[in-house]
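# Geometric and topological summary
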Amino acid sequence: SQKIAKFFLIGKFVNSRNVLQRAIRDHEGKINADELKKASDRISWSVKRLDMELNLDGLRGLEGDTAHSYFEVFDHLIVNQKNDFSFSERNRRPPLDNVNCLLSFLYTLLAHDVRSALETVGLDPAVGFLHRDRPGRYSLALDLMEEFRPFLADRLTLSLINLCQVQGKGFKKKESGAVWMDDDTRKTVLVTYQTRKQDEILHPFLKEKVTIGLLPYVQALLMARYLRGDMDNYPPFIWK
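Summary of the structure given here. Just so we're clear, the structure is a prediction, and the values are computed from it rather than from any experiment. (Residues numbered from 1 in each chain as written. Predicted model: local features only at pLDDT ≥ 70, side-chain atom pairs only at ≥ 80, totals over all residues. Heavy atoms only, no water.)

The helix and strand tally for the protein chain stands at eight helices and four strands. Of the regular secondary structure in the protein chain, the N- to C-terminal order runs α-α-α-α-α-α-β-β-α-β-β-α. Taken over the C-alpha trace, the protein chain has a radius of gyration of 18 Å; the compact-globule value for 240 residues is 18 Å, and the two agree within 12%. With the principal axes as the frame, the protein chain shows a C-alpha extent of 50 × 40 × 40 Å. Taking as baseline every contact in the protein chain between residues at least 6 positions apart, the subset at least 24 positions apart corresponds to 63%. As displayed, the protein chain offers around 12,000 Å² of accessible surface, 50% of which is attributable to carbon and sulfur atoms. Averaging the coordinates of the 36 positive side-chain charges in the protein chain and doing the same for the 32 negative ones gives two points 1 Å apart. (Helix = DSSP H or I, 4+ residues; strand = E, 2+ residues; numbered from the N terminus. Rg over C-alpha atoms; globule rule 2.2 N^0.38 Å. Contact = heavy atoms within 4.5 Å. Areas by Shrake-Rupley, 256 points an atom, 1.4 Å probe, with all protein chains shown as cover. Lys, Arg positive; Asp, Glu negative; His and termini not counted. Charge placed at Lys NZ, Arg CZ, Asp CG, Glu CD.)

Another aspect to go through is the environment of Leu-9. Here Leu-9 is to be found in helix α1 (residues 2-26). Along the primary structure Leu-9 and Leu-62 are separated by 53 residues, whereas in three dimensions their C-alpha atoms are 9.3 Å apart.

Our next topic: the packing of aromatic side chains. Counted under the stated rule, the structure contains twelve aromatic pairs. Note on Tyr-70 and Phe-71: the rings are 5.0 Å apart at their centroids and 65° apart in plane angle, and the pair reads as edge-to-face. The exposure classification of Tyr-70 matches that of Phe-71, with both residues buried. Seen in terms of ring centroids, Tyr-70 and Phe-74 are 5.8 Å apart; in terms of plane orientation they differ by 55°. Their pairing is tilted. Per residue, the accessibility class of Tyr-70 equals that of Phe-74, and both read buried. One residue, Arg-115, lies across the ring of Tyr-138, its end atom 4.1 Å from the ring centre. If you follow Arg-149 out to its NZ or CZ, it ends over the ring of Tyr-107, 4.5 Å from the centre. (Phe/Tyr/Trp six-rings, centres within 6.5 Å; stacked < 30°, edge-to-face > 60°. Buried < 20%, exposed > 50% of the residue type's maximum accessible area, 1.4 Å probe, protein only. Lys NZ or Arg CZ within 6 Å of the ring centre and 35° of its normal.)

Following the sequence through the fold, Phe-148 ends up in the loop between α5 (139-145) and α6 (149-162). Under the relative-accessibility criterion, Phe-148 is labelled buried at 1%. Sequence spacing of Phe-148 and Met-223 is 75 residues, and the spatial spacing of their C-alpha atoms is 14 Å. Leaving out residues up to four positions away in the same chain, Phe-148 has contacts with Leu-110, Val-114, Ala-153, Leu-215, Pro-216, Gln-219 and Phe-237.

Glancing now at unusual backbone geometry. The linkage connecting Arg-93 with the following residue, Pro-94, adopts the cis geometry, with an omega of -5°. As for its position among the elements, Pro-94 is in the loop between α3 (56-72) and α4 (98-120). Along the chain, Arg-93 turns up in the loop between α3 and α4. A relative accessible area of 76% means that Arg-93 is categorised as exposed.

One broad trend across soluble globular proteins is that nonpolar side chains are buried collectively. One finds Phe-74 and Leu-102 to be the most contacted residues of the largest nonpolar core, which totals 78 residues. With twelve residues, the single largest contributor to this core is α4. (Core = buried A, V, L, I, M, F, W, Y, C linked by side-chain atoms within 4.5 Å.)

As a further point, take the packing of α4 against helix α8 (residues 215-227). Across the interface, α4 lies against α8 with an axial gap of 8 Å and an inter-helix angle of 45°. In terms of orientation, α4 and α8 fall into the oblique class. Like other packed secondary-structure pairs, α4 and α8 cross with a definite hand, here right-handed. From α4, Asp-113, Val-114, Ala-117, Leu-118 and Thr-120 reach across to α8, where they touch Pro-216, Tyr-217 and Ala-220. (Axes fitted to C-alpha atoms, helices over the stretch in contact; angles between N-to-C directions. Parallel < 35°, antiparallel > 145°, perpendicular 65-115°, else oblique. Left-handed = near helix turned anticlockwise from the far one by under 90°.)

What follows covers the packing of α4 against α6. The N-to-C vectors of α4 and α6 enclose an angle of 140°; their axes lie 10 Å apart at closest approach. In terms of axis orientation, α4 runs oblique to α6. In this structure, α4 meets α6 at a crossing whose hand is right-handed. Here Val-99, Leu-102, Leu-103, Leu-106, Tyr-107 and Leu-110 of α4 lie close against α6, whose contacting residues are Arg-149, Leu-152, Ala-153, Asp-154, Leu-156, Thr-157, Leu-160 and Ile-161. A breakdown of the residues in the contact of α4 with α6 according to their chemical character gives eleven nonpolar, one polar and two charged. (Nonpolar A, V, L, I, M, F, W, Y, C, P; charged D, E, K, R; others polar.)

This is the structure in structure tokens:
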């Protein structure tokens, strides 16, 4: 189970680092490249630490530290509409700002897609390796979606903001501090997500073109083959 947890974390860490490195490349001059480079180096160190024998608690701790390094510089990736979309830290249940509201909504959509993919290939989405099993929690779906979060949800959040596809006025704050989207904004996000799923990429392991929407299914299939002993290792999805 430790070995499998490491596969998911390799995917998450490398993809998180690639999001930062891509931003340095795309927005040089507009963003604080030094801060992003430091965070990227810290994540590289986390990838190396995965090679050391860590128990599950150690892996979960490393995941927390790495997520902190990544989200600490996430605000630098927002290059437009800074007044309405500033990010200081990840918060959820409920999200307390517009950026977290977008992230949480996209993570929910992603978790649903991953859960369906696992069920399609005959794996129980509730039996996790990295996430602890709890009643009513789809732990394996949460595990498998880790490698997709940066590539799909985080990047989509950034492009929605940076391309001005969503605006600050589409978000409302309740008295409790919780932030929610109005119907038009939610629809925009949904349509953009569905459109993104139509894009094709070259799958890094299969070396075949697949639509992004099929990625959870492809990875679930590879995971099923690995768990059934048909493959020696599980190849996490790494975005190039």
